Amino acid sequence: MKDQHILILFPLVMLLVIFVGLFMSTPEDAERTLEFIISTIKSFISKPTITGLTTYEGGCGGSITSSGYWTLSSNLDCSGGGNGISITASGVTLDCQSYTITGSGGTTIGVQTTAANTWLYHCKITGFGYNLYPKTGASDTLLIDSYLESSTTNDIYTDANIDGTTLINTTHTPIKH
């Protein structure tokens, strides 16, 4: 998609450069105009702004109980014991923004979902008994650009009859038996 934007923007940029070169009275004017053009183009092709974000503030053992786009704003350290995050609402996207959710092993759970359409992005979940646990009621769980490691039992554990747990560009350590 970005390549398409660049192909569309290139002729526009060339026209603007010609305009700046022909009609600006001083080099300083031309430079300011070019800086404005470049910053405008960069903002156009950069990551889009998502409105309606909710920052997760439930701490270890907390729950996400309403649909929407949720983010972490810092690492979540649950190494003192207990579970990470429980997702009970359908239609939840959790963007960890590359922050880490750390557990303490045993039978603890990093991220547990009991709802449909749970999407996790940019999450590093480590050290829980089960790093990701889609339970009964969960379907279409998607883990994208994430990393699961160092679980004491399984990085991913599902109840029977769970439909559609998908990993895309996600690394995890092998299943332990």
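Before any of the text, the structure's been laid out above.
No experiment lies behind these values; they were computed from the predicted model shown.

(A) Inspection of the packing of aromatic side chains at higher detail. In this structure the tally under the stated criterion is two aromatic pairs. Taking 5.9 Å as the distance between ring centres and 45° as the angle between the ring planes, the aromatic pair formed by Y130 and Y133 counts as tilted. Neither Y130 nor Y133 differs from the other in exposure class; each is buried.

(B) Geometry of unusual backbone geometry. Of note, Q97 is a non-glycine position whose phi angle comes to about 55°, a positive value. Along the chain, Q97 turns up in the loop between β6 (92–95) and β7 (100–113). Take Q97: its relative accessible area is 42%, and that puts it in the partly exposed class. Positive phi is not limited to glycine here, since N117 has a value of about 60°.

(C) Layout of the pattern of salt bridges. Here the structure, examined in full by the defined rule, presents one salt bridge. Of the charged contacts in the structure, one is a salt bridge between E149 and K124, with a shortest N-O distance of 3.5 Å. Placement of the pair is E149 in strand β11 (residues 147–149) and K124 in strand β9 (residues 124–134), with a sequence separation of 25 residues. The class of E149 is buried, set by a relative accessible area of 18%.

(D) Representation of the sheet that holds β6. Read from one edge of the open sheet, six strands run β1-β3-β6-β8-β10-β13, paired in parallel fashion. Each edge of the open sheet is held by one strand with a lone partner, namely β1 (53–55) and β13 (163–168). Between one strand axis and the next, the sheet turns by 15° as a mean value, whatever way the strands run. Taken together, the four bridges between strand β3 (residues 68–71) and β6 define a ladder with parallel strand orientation. Paired with Y69 across the bridge in β6 is T93.

Basis of the calculations
Residues numbered from 1 in each chain as written. Predicted model: local features only at pLDDT ≥ 70, side-chain atom pairs only at ≥ 80, totals over all residues. Heavy atoms only, no water. Phe/Tyr/Trp six-rings, centres within 6.5 Å; stacked < 30°, edge-to-face > 60°. Buried < 20%, exposed > 50% of the residue type's maximum accessible area, 1.4 Å probe, protein only. Helix = DSSP H or I, 4+ residues; strand = E, 2+ residues; numbered from the N terminus. Salt bridge = Lys/Arg side-chain N within 4 Å of Asp/Glu carboxyl O. Pairing = 2+ DSSP bridges. Axes fitted to C-alpha atoms, helices over the stretch in contact; angles between N-to-C directions.

Read these as geometric descriptors, not functional statements.
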